[in-house]
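Fold and geometry: a report
As a plain string of letters, each chain reads:
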Amino acid sequence: MREEKETGMRKLQYWVDGGWKTSKTTKYMDCYNASSGEVMARAPQCTVEEVEAAIASSVAAYPAWSDTPPNKRVQVLFRMKSLMDEHLDELTLLCAKENGKILNEAMGDVLKVTEVIEFACGIPHLMKGPALMNCTRGYDTTQYKESVGVFAGIAPWNFPAMIPMGWMAPLCIACGNTMVIKAASFTPQTSMRIMELWAEAGLPPGVLNLITCSRNEAEIFLKHPDIKGITFVGSTGVGRHIYEMAAANGKRVQCLTEAKNHALVLKDAALERTARGIVNSACGCAGERCMALPAVVVEEEIADKLVAILKKLLIELKVGPAYDKSSRMGPVVNAGHRKFVTDWIAKGVEEGAELILDGRDIKVKGYENGFYVGPTLFDHVTPEMSIGNMEVFGPVLCIKRVKSFEEGIALMNANEFANGSVIYTQSGYYAREFAKRTHGGQVGINVGIPVPIGVFGFTGHKNSFFGDLHTMGTDGVRFYTELKSITQHWFSEEEAKESRVLDSWDGMISLPDKK
């Protein structure tokens, strides 16, 4: 069981050595049903000793797991894929309740786990190294990809299934590593249930451990000598700190951080379809995703018409409980984040942006205590306004007006973040120019959420990413492995008897023939 019941409140546990443990902490964090505002459970803020025990468990499990042949390791992943399919509806509902995503969004959150598991099932092929026979006369070189050791995964609250159990765990363990996941204390229950499924799939104890703790205890990962690498998703400030501290301690690091993705809408765009794409991208997952589309740069000639269509579509967007099939946008995660978003709306008004649609006072009948923010639309957002430049992480859309493609792409590229960027146009020329010149690491051409499937990886740029190797795809395999080069040369009977003096390169350079 991942919980103990005490005084009517579900107290969650943490997973170490193949089972749930009760924390000795006195500090717990409330986990809410975002739609109703009710407390679902309380997550432990694990102690220093418990975090270190989780690391020790993964250290102990590493030798046997890394020595398990890849084709045997992926048998666990094949079984896990079947279990994810079998429990899809259960996991979808749990994700919707604790995070606030509507049902089809929550299902996508879960299916993204399966997507990466399927990719990781190819690890016997993905870990194959290159070889060259006779690279110099009589010498052969082979490269192997080997596992690294114990990794730490520090997950955010906005994708409780996809990020810890999709982006982080599958490739890590498929490559022969072990991992400690720090699940987000706001939304740990979906990943906890998936943790149980990993055990059911046959993953040996200690290969994957799961804890919840505060930032203070998570600092242990950054300096611990047994942690070889860290993967993180969260804010830019924290990501930069993790990158600097962990790298200084000799660890490999990938930190995926904030974004302020922009779309450029040219005057030849299919306006109605473009507007629907923008609304979906801005308000999907209540805007709580780093690939949301919160800023639209539009040519002045069509700006008024686009704003009118957007306003109409946003008003029609039904906001309601995440698990109501008629809802088209759910709540944000909790009261603290709702205040964060509404404070940003107030900031936009203060900065002088024109508030076309205000979502701060929305009420959902029967769910008055839920954490709802309605779709919000600002127009005439200018370059100096922070509302248009910083991550709000809510259903807040900013319109910026420009006179041309050149002005638009320059405005977009001036932003410090570069997770993604989008252009809406029917022009092949401008689409190509945009793809070539945008700073965005993931580019959409008439695609509002241009996140590639897991085989390609997630490729943010600028202050949206700190590290050298991105998550998932071939970069992900490289992040979780290290290369070893083996060069060999076997003596013939004649060479074994030679007494000649060797050159300093020991045969590894093809020197010119002597004349």
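Quick look at the structure, then. Along each chain, the written sequence defines residue order, and numbers are assigned to residues from 1. Reporting of local features is limited, given that this is a predicted model, to residues whose pLDDT is at least 70; pairs of side-chain atoms are given and counted only at 80 or more, and all residues count toward the totals for whole chains, interfaces and linings. The basis for every side-chain value is the complete set of heavy atoms in the structure, and neither hydrogens nor water enter the calculation.

1. Overview of the packing of aromatic side chains
Aromatic rings from Phe, Tyr and Trp, taking only the six-membered ring of Trp, are treated as a pair when their centres fall within 6.5 Å; an angle between ring planes under 30 degrees marks them as stacked, one over 60 as edge-to-face, and anything in between as tilted. Summed over all chains, the structure comprises 10 aromatic pairs. Relative to Trp20, the ring of Trp15 lies with its centre 5.0 Å away and its plane at 85°, an arrangement referred to as edge-to-face. As far as burial versus exposure is concerned, Trp15 and Trp20 are alike and both buried. Residues Tyr32 and Phe371 carry aromatic rings whose centres are separated by 5.4 Å and whose planes lie at 90° to one another, so their mutual orientation is edge-to-face. Highlighted residues: Tyr32 in strand E5 (residues 28-32) and Phe371 in the loop between strand E16 (354-357) and strand E17 (376-379), separated in sequence by 339 residues. Each residue gets one of three labels from its accessible area relative to the maximum for its type: buried under 20%, exposed over 50%, partly exposed in between, using a 1.4 Å probe on protein chains only. Of the residues examined, Phe371 reaches a relative accessible area of 4% and is grouped as buried. Put simply, the rings of Phe151, Phe479 and Tyr480 touch in pairs and so form one group of aromatic residues. Look at NZ for Lys and CZ for Arg. If either is within 6 Å of the ring centre and within 35 degrees of the ring normal, a charge sits over the ring. Taking NZ or CZ as reference, Lys101 lies 3.9 Å from the ring centre of Phe159, over its face. The secondary structure listing takes helices from DSSP runs of H or I that are at least 4 residues long and strands from runs of E that are at least 2 residues long, numbered from the N terminus.

2. Thoughts on the sheet that holds strand E24 (residues 481-489)
Each strand in a sheet pairs with its neighbour through backbone hydrogen bonds, running either in the same direction (parallel) or in the opposite one (antiparallel). Spatially, the three strands line up as an open sheet ordered E7-E8-E24, and their pairing is antiparallel. The open sheet is flanked by strand E7 (131-136) and E24, the only strands paired with a single partner. Here the strands of the sheet are splayed against their neighbours by 30° on average, with no regard to which way each runs. The pairing criterion for strands is at least two bridges between them, as found by DSSP. Bridge count for E7 against strand E8 (residues 139-147) is three bridges, and the pairing is antiparallel. Each bridged residue has a counterpart across the sheet, and for Leu132 the counterpart in E8 is Thr141. Note on geometry: axes are lines fitted to C-alpha atoms, helical ones only across the stretch in contact, with angles between N-to-C directions running from 0 to 180 degrees.

3. Topic: helix H13 (residues 405-413)
Within the span of H13, buried status applies to Phe405, Gly408, Ile409, Leu411, Met412 and Asn413. Contact between two residues is taken to exist if any of their heavy atoms lie within 4.5 Å; hydrogens are not considered. Looking at the buried positions of H13, the neighbouring elements they touch are strand E14 (262-265), strand E15 (295-299), strand E18 (396-402), strand E20 (420-424), helix H14 (428-437) and strand E22 (461-462).

4. A look at the sheet that holds strand E21 (residues 442-445)
A sheet is described by the order of its strands in space; here seven strands give the open sequence E16-E17-E18-E15-E14-E20-E21, paired in mixed fashion. A single partner strand is all that each edge strand has here, and the edge strands are E16 and E21. Recorded for the sheet is a direction-independent mean angle of 20° between the axes of neighbouring strands. Two strands pair when backbone bridges link them, and E17 and E18 are joined in this way by three bridges, in the parallel orientation. Each bridged residue has a counterpart across the sheet, and for Phe378 the counterpart in E18 is Cys398. The strands touched by helix H12 (residues 335-351) within the sheet are E16, E17 and E18, with E17 carrying the most contacts at an inclination of about 20°. Lying over the sheet, H14 contacts E14, E20 and E21, oriented at roughly 170° with respect to E20.

5. Quick look at H14
Within H14, burial applies to Ala431, Glu433 and Phe434. Down the axis of H14, the sector holding all buried residues measures 165°, keeping them to one side. Exposed positions of H14 whose direction lies more than 90 degrees from the buried face are Gly428, Tyr429, Arg432 and Lys436. The backbone nitrogen of Tyr429 has a side-chain oxygen 3.4 Å away, supplied by the residue at the start of H14, namely Ser427. By definition, the arc is the one covered by directions from the helix axis to the C-beta atoms. Any pair of N or O atoms that falls within 3.5 Å is considered a polar contact. Within protein, one atom must be able to donate a hydrogen and the other to accept it, and sequence-neighbouring residues count only if both atoms are side-chain atoms.

6. What about the packing of helix H10 (residues 271-283) against helix H11 (residues 300-316)?
Packing of H10 against H11 leaves a shortest axis separation of 9 Å and a crossing angle of 55°. By the angle class used here, H10 and H11 are oblique. When you trace H10 past H11, the crossing you get is right-handed. Contact with H10, carried on its side by Leu271, Glu272, Ala275, Arg276, Ile278, Val279 and Cys283, involves Ile302, Lys305, Leu306, Ile309, Leu310, Leu313 and Leu314 of H11 and no other residues of that element. Taken together, the residues of the contact of H10 with H11 break down into 11 nonpolar, no polar and three charged. Roughly parallel means an angle under 35 degrees; roughly antiparallel means over 145; roughly perpendicular covers 65 to 115; every other angle is labelled oblique. Crossings are assigned a handedness: left-handed for a near helix turned anticlockwise from the far helix by less than a right angle, right-handed for a clockwise turn. For this classification, Asp, Glu, Lys and Arg are treated as charged, while Ala, Val, Leu, Ile, Met, Phe, Trp, Tyr, Cys and Pro are nonpolar and the rest, including Gly, are polar.

7. Here we look at the side chain of Lys251
Structurally, Lys251 is set in the loop between helix H9 (236-248) and strand E13 (252-256). Polar contacts involving the side chain of Lys251 include one to the main-chain carbonyl oxygen of Ile227, which spans 2.7 Å. Dropping the residues within four chain positions of it, Lys251 is found in contact with Phe221, Leu222, Lys223, His224, Pro225, Ile227, Lys228, Gly229, Ile230 and Ala246.

8. Some words on unusual backbone geometry
In this structure, Asn134 takes a positive phi of about 60° despite not being glycine. Along the polypeptide, Asn134 turns up in strand E7. One non-glycine residue, Met472, lies in positive phi territory at about 65°. With respect to the element layout, Met472 can be found in the loop between strand E23 (465-467) and helix H15 (473-479).

9. What to know about the nonpolar core
By size, the foremost hydrophobic cluster in this structure holds 68 residues, and its most contacted members are Met84, Ile123, Met165, Trp198 and Leu208. Per element, the largest residue contribution to this core is 10 residues, and it comes from helix H6 (residues 162-174). Among buried residues, the Ala, Val, Leu, Ile, Met, Phe, Trp, Tyr and Cys ones that are joined through side-chain atoms within 4.5 Å form a nonpolar core. Core analysis: the second largest hydrophobic core is formed by 47 residues, Ile309, Val341, Ile387 and Ile399 among them.

10. So, the pattern of salt bridges
Basic side-chain nitrogens of Lys or Arg form a salt bridge, by our definition, when they fall within 4 Å of a carboxyl oxygen of Asp or Glu. Counted by the stated rule, this structure contains 20 salt bridges. Its salt-bridge partner being Arg42, residue Asp30 comes within 3.2 Å of it at the nearest N-O pair. Taken together, the positions of Asp30 in strand E5 and Arg42 in strand E6 (residues 39-44) put the pair 12 residues apart, joining distant regions of the chain. Among the salt bridges present, the one from Asp475 reaches Arg478, with a minimum N-O distance of 3.7 Å. A residue pair is termed a helical-turn pair when its members lie 3 or 4 positions apart in one helix, as Asp475 and Arg478 do in helix H15 at three residues. Arg478 sits in the partly exposed class, given a relative accessible area of 48%. Within this structure, Glu300, Asp304, Asp379 and Arg401 form a network of salt bridges that share partners.

11. With respect to the side chain of Thr274
When you line up the elements, Thr274 lands in helix H10. A relative accessible area of 3% means that Thr274 is categorised as buried. Beyond its immediate sequence surroundings of up to four residues, Thr274 is in contact with Val265, Ala269 and Tyr424.

12. Details of the environment of Phe221
Structurally, Phe221 can be placed in helix H8 (residues 215-223). Judged by its relative accessible area of 0%, Phe221 is buried. For Phe221 and Val16, which are 205 residues apart along the polypeptide, the C-alpha to C-alpha distance reads 16 Å. Residues within four places of Phe221 in sequence aside, it is in contact with Val51, Ile55, Ala152, Ile154, Val180, Lys182, Ile211, Ile227, Ile230 and Lys251.

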